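The residues making up each chain are set out below.
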Amino acid sequence: TWGYPRMRARTVATLDNGPWQFTLANNYTGAYDQFYQAGPLDVKENITWDAQVQYNGFKNLKLTLGGRNIFDKNPPWADENYYGYDSSTADPRGAYWYLRAGYSF
C-alpha cells in the first residue's frame, strides 16, 4: 500500500507469579511503499520489543522497572523528512528505561 503500512500490531504476554508480574511486548509495523521526495521507496518492516517487571509485595506500594525498544533498534529508513524516518509509523528515540513507584492511600 502507498503511504501507510497495511499491518500494525502489538502482542503482549504477561505472567503473574505472586507479587511479581512480568510483561513482554512485541511491536510490529509491516513494510509499505512510500512516494515522497526520492520517488517510490520500499520502507522495511519494523519490529521492536518492550519488557516490564512489576512488584506488588509491599502494602499499598507498586514498583515497576521497564524498557521500551529494549534491543535499541533504529527505525527503517524513509524519506518523509530530513531525519530519515517516518514519524507517523516509527519512533527514533531508541531504547529507553524507566523506574516507577506508585503508592495508594
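Structural notes, computed from the coordinates.

Reading the values: the criteria
- Residues numbered from 1 in each chain as written.
- Predicted model: local features only at pLDDT ≥ 70, side-chain atom pairs only at ≥ 80, totals over all residues.
- Heavy atoms only, no water.
- Salt bridge = Lys/Arg side-chain N within 4 Å of Asp/Glu carboxyl O.
- Pairing = 2+ DSSP bridges.
- Helix = DSSP H or I, 4+ residues; strand = E, 2+ residues; numbered from the N terminus.
- Axes fitted to C-alpha atoms, helices over the stretch in contact; angles between N-to-C directions.

Here the focus is the pattern of salt bridges. Per the stated rule, a full pass over the model turns up 4 salt bridges. A salt bridge links Lys 44 to Asp 42; its shortest N-O distance comes to 3.2 Å. Residue Asp 91 is joined to Arg 93 by a salt bridge in which the shortest nitrogen-to-oxygen separation is 2.8 Å. Here the residues in one salt-bridge network are Arg 10, Asp 50 and Arg 68, joined through shared partners.

Read from one edge of the open sheet, 5 strands run S1-S2-S5-S6-S7, paired in antiparallel fashion. Lying at the two open borders of the sheet, with one neighbouring strand each, are strand S1 (8-17) and strand S7 (96-103). Pairs of neighbouring strands in the sheet enclose a mean axial angle of 15°, with direction left out of account. Where strand S2 (residues 20-29) lies against strand S5 (residues 46-58), 10 bridges are found, and the strand directions are antiparallel. Across the sheet, Thr 29 pairs through a bridge with Asn 46, a residue of S5.

By the bridge criterion, 6 bridges tie S5 to strand S6 (residues 61-68) in an arrangement that is antiparallel. Each residue of the ladder has a partner; that of Val 53, found in S6, is Leu 65. The antiparallel hairpin formed by S5 and S6 contains 2 residues in its connecting segment, where Asn 60 sits at a positive phi of about 65°.

In this section: unusual backbone geometry. For Asn 60, which is not glycine, the phi torsion reads 65° and is therefore positive. Phi at Asp 72 is positive, roughly 55°, even though this residue is not glycine. Mapping Asp 72 onto the fold places it in the loop between S6 and S7.

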